[in-house]
Every structure is written in C-alpha cells, then in structure tokens.
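Geometric and topological summary
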Amino acid sequence: MGTKSKYKMDFLTDHIFLFSLIIFLFILQAVFYHGLIRYIDIFTTVFIMGLFAMSFDLLMGYVGLFSFGHPLFFGTGAYVTTYFLMWTNIPYLAVLPLVFLVGCGVGLVLSYLLRRAFHGISFSFTSLAINLMIYFLYRKRELRPFSGGEQGLTVPVPKILKSTLLSTSFLVIFLILISLLLVAVFARLRNHGNLSGKKICVFSLLVIFLSFISFGMWSYFIGLLSVADYKRITPNIYCLSLLILCICYLLAKKFAASPVGHIWRAIRESEVRTEVIGFNTFRYKSLALIISAGFAALAGGIYAPFHFAITPDTVFSPMLAFYAIVWVIIGGVGTLNGAILGAAIVTFLERFLIDYIGGWAPVIVGIIFIIFMFSLPHGIVGTWKMKKSRIRAMLHKLIRF
C-alpha cells in the first residue's frame, strides 16, 4: 500500500466517530422535519455558533489571545454576505469562499494595526474598542443606506437554498459518508486482526442497517423535492451549516496538529522564549488571527440568510465575545470540539429555559457557568482528556457490577 493510500486510510479510521456523528445529525434532521422543525432551527444555530466558538478557541486556546473584538469578524461576514446577495448575482455557494477571504483580509489588517498591542490585555481591549467603533458606526443614521442603521438590513434568500439541486447534493454526500464509514470500520477491524466470523456478521448487519437508513433518507429527500420552495430553506441551511462546520473543524484540527500549531502553543506558554529560539512570533500570531477571522466571518455568512435579517445589535454585539468565552470554557480551552460542545450546551439550555422562565434564562446560564468554572476548570472535553482512563475504568466496574 502506497504512502498516500495509507494516509487516506488512517484519516478514515481516525474519524469514524465524526462520520458517524454527521450521519446521525443528517438522520436527526429528517426526523425533526416531520413535526419538530423548531429543533432544526436550534441545531442550525448550534452549528453556526459552534463555528464561531471554534474560531475563538483557535486564538484563545492555542495562542493565548483573548479577542474581545471577535464579533467584528462575525459581523463583517454577515454584512458582506448581505451586500453580495443584494447587489450582485453571484451564487451563494460562491459568496461563502469570498466571505472567508474577506474575513482573512480583515484579520490581516487588524494584526498590523495592533502590532504593538498584539499580546495580553492590550490586544483584548484594543480589539474590543475597534469592534465598538464599527458597532456604533453601523447604528448611525448617516450610514443607514449602507448599514440599515438600528433597523438593520433584510437579507435576500439565496435561490440555491430553495433549490432541489442542493437537496439532491446533500443526499449524495450522505450516501458517500455512509460508504466512507463502512470502509473505515472494515479497515479498523482488519488492522486490529478482528475479522472473525462474529465480527463479519456484525459488519454485515451494519451494512444492512445503513442500507435501510439510506433508503429512508432517499424517500425523505424525494418528498422534500416535491414541497414548496420555502419549505426547503430550513433543511438545506441545516445541512449546509453542518458540512461547513465539519470541514472547518478538520482544517482547524490540521493546523493545530501541524508544526505551526506547536509554535502557537509555544507562544502561548512563553512568547519571549519562542522569540529567543528564533521564531517570528508576530507572523505566527498574525496567521492564527487571519485563520480565526476567516472562520468567524464564514459563521456570519451562514447566519445572515438563516435569520433573514441582520442588525448591528445582533452581529456586532460585544456580548457575542463574552458568550464565546463561556462556550469555550465550558467545553474546554484549546480543544476545538469542546468549543462546539459548549456552544451546543448553552444554546440548548437557553432555548429551553426561555420557554419556562423567559428573560431569566441568561441568569441561569451564568450560574451554570460559575459552577463549571469551579467544578470543571478544564472544561468537559479537557477533563475527559485528562481523566479518560480513570473514567473508563469506573465504567468497566459499573458494567461488570
């Protein structure tokens, strides 16, 4: 087996859980579409805010930079997407890469503007000040033709989100993911020498089970193709935001595991020592800010058509940065997937608590955050990584008991 083939197979076997999770979320969306469509909206919000939280964690967890002005990138992505949809005929799927590049450009400009304040508290509050300047400018009456003022702008719904083409494409992607999952499971069994008769039977049952699921999803998408255009928007943007989140997660994970990621960690531990070794820390911090800004802008680019309208109060709000801190700390600083998990937990908690206690929901979330800070200072994923062997041993004892 060639090196490239082995690398591809290792990639598949290392991401069995991720493939399984994506397939599960695809199926979950099909279940929710028939009577529980509210949950599709909640999950879509989780995917968008999970991407934003992950972009924040890339800076906070790996470089040690607290970007209190991070909503600047999110808002830039949302407004630039709206401008493209209002003033040009560029397809939405082509707009998203452009929004990512615009976000990267804003990150590059900001890194040079803050070159002398590119560390610690100086960076945190200077970035916050720049974000507040843009926030108040966009609320000004004089910029209303450009920004919509306090009322914001109505976002035109992209045609692709109402099309049958996108729905069919997601079905094809779903079937490809199932095929990759089967290949990955078979490869892992073969690598561990576990291809006994029992294992082959279990694998065959898995194939049959996934075939039934595939047929069910096929039936669901065929039904989806026959409904009115506006009914396809919600499931389409659900699938699109899920796939973009997964792609960005894999890219961020690749960066974090690369030599660049190791240098980011070295800067986080001691920037002076990293400079003494011979690395240009400004360039590496700029790269982290550029990538993080691109991901945050992409999250804003998905958020705009999902909510059909944007205002400075929703996309440039400084509260977004504080929410990002809560998400990352609950999930685990420097874990990437922990940031997504934290966003999911807080979003679900708020949505369900609002139904019962209304405006008191953020207070309860704040109390839960304080409890997490004291009981799990490393977050959920961080604590799991530190104590997973002990937790597994306890679970084994419980199962035997």
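The text that follows walks through the structure, step by step, so that each part is easy to find.

Cut-offs used in this document
- Residues numbered from 1 in each chain as written.
- Predicted model: local features only at pLDDT ≥ 70, side-chain atom pairs only at ≥ 80, totals over all residues.
- Heavy atoms only, no water.
- Helix = DSSP H or I, 4+ residues; strand = E, 2+ residues; numbered from the N terminus.
- Buried < 20%, exposed > 50% of the residue type's maximum accessible area, 1.4 Å probe, protein only.
- Contact = heavy atoms within 4.5 Å.
- Areas by Shrake-Rupley, 256 points an atom, 1.4 Å probe, with all protein chains shown as cover.
- Salt bridge = Lys/Arg side-chain N within 4 Å of Asp/Glu carboxyl O.
- Axes fitted to C-alpha atoms, helices over the stretch in contact; angles between N-to-C directions.
- Parallel < 35°, antiparallel > 145°, perpendicular 65-115°, else oblique.
- Left-handed = near helix turned anticlockwise from the far one by under 90°.
- Nonpolar A, V, L, I, M, F, W, Y, C, P; charged D, E, K, R; others polar.
- Phe/Tyr/Trp six-rings, centres within 6.5 Å; stacked < 30°, edge-to-face > 60°.
- Lys NZ or Arg CZ within 6 Å of the ring centre and 35° of its normal.

**A short note on the overall build of the protein chain**
From N to C terminus, the protein chain includes 18 helices and two strands. Counting the 401 residues in the protein chain, one finds 48% classified as buried. Put simply, of all contacts in the protein chain between residues at least 6 apart along the chain, 78% involve residues at least 24 apart. For the protein chain, the exposed area adds up to about 20300 Å²; of that, 70% sits on carbon and sulfur atoms.

**What about the pattern of salt bridges?**
Scanning the model with the defined rule gives three salt bridges in all. For the salt bridge of Arg-268 with Glu-269, the shortest nitrogen-to-oxygen distance reads 3.1 Å. Judged by relative accessible area, Arg-268 falls into the partly exposed class, the value being 35%. Taking the relative accessible area as the measure of exposure, Glu-269 reaches 61% and is therefore exposed. Ionic pairing is found between Lys-285 and Glu-271, a salt bridge with its closest N-O pair at 2.8 Å. In this pair, Lys-285 sits in helix H13 (residues 281-307) while Glu-271 sits in helix H12 (residues 271-277), placing the two residues 14 residues apart along the sequence.

**Considerations on the packing of helix H3 (residues 37-60) against helix H10 (residues 233-257)**
The contact between H3 and H10 brings their axes to 9 Å, and the two run at 25°. Considering the angle they form, H3 stands roughly parallel to H10. Of the two elements, H3 crosses H10, and the hand of that crossing is left-handed. Between H3, through Ile-37, Ile-40, Asp-41, Phe-43, Thr-44, Phe-47, Ile-48, Gly-50, Leu-51, Met-54 and Leu-58, and H10, the contact on the second element is made entirely by Thr-234, Ile-237, Tyr-238, Ser-241, Leu-242, Ile-244, Leu-245, Cys-248, Tyr-249 and Ala-252. Tallied by class, the residues present in the contact of H3 with H10 amount to 16 nonpolar, four polar and one charged.

**Here's the deal with unusual backbone geometry**
A positive phi angle, near 65°, is found at Phe-308, a position not held by glycine. For Phe-308, a relative accessible area of 37% corresponds to the partly exposed category. Located in the positive-phi region is Leu-336, a residue other than glycine, with phi close to 65°. Here Leu-336 shows up in the loop between helix H15 (319-331) and helix H16 (337-357). With a relative accessible area of 2%, Leu-336 lands in the buried category.

**Section: the packing of aromatic side chains**
Counted according to the given criterion, the structure contains 28 aromatic pairs. An angle of 75° between the planes, with centres 5.6 Å apart, marks the rings of Phe-68 and Phe-125 as edge-to-face. Of this pair, Phe-68 sits in the loop between H3 and helix H4 (71-87) while Phe-125 is found in helix H6 (residues 120-139), placing the two residues 57 residues apart along the sequence. Take Phe-68: its relative accessible area is 13%, and that puts it in the buried class. Each residue in the set Tyr-39, Phe-43, Phe-47, Tyr-238, Phe-348 and Phe-352 is aromatic and connected to the rest through ring pairs, giving one cluster. The cationic tip of Arg-115 hangs over the ring face of Phe-282; the distance from NZ or CZ to the ring centre is 4.1 Å.

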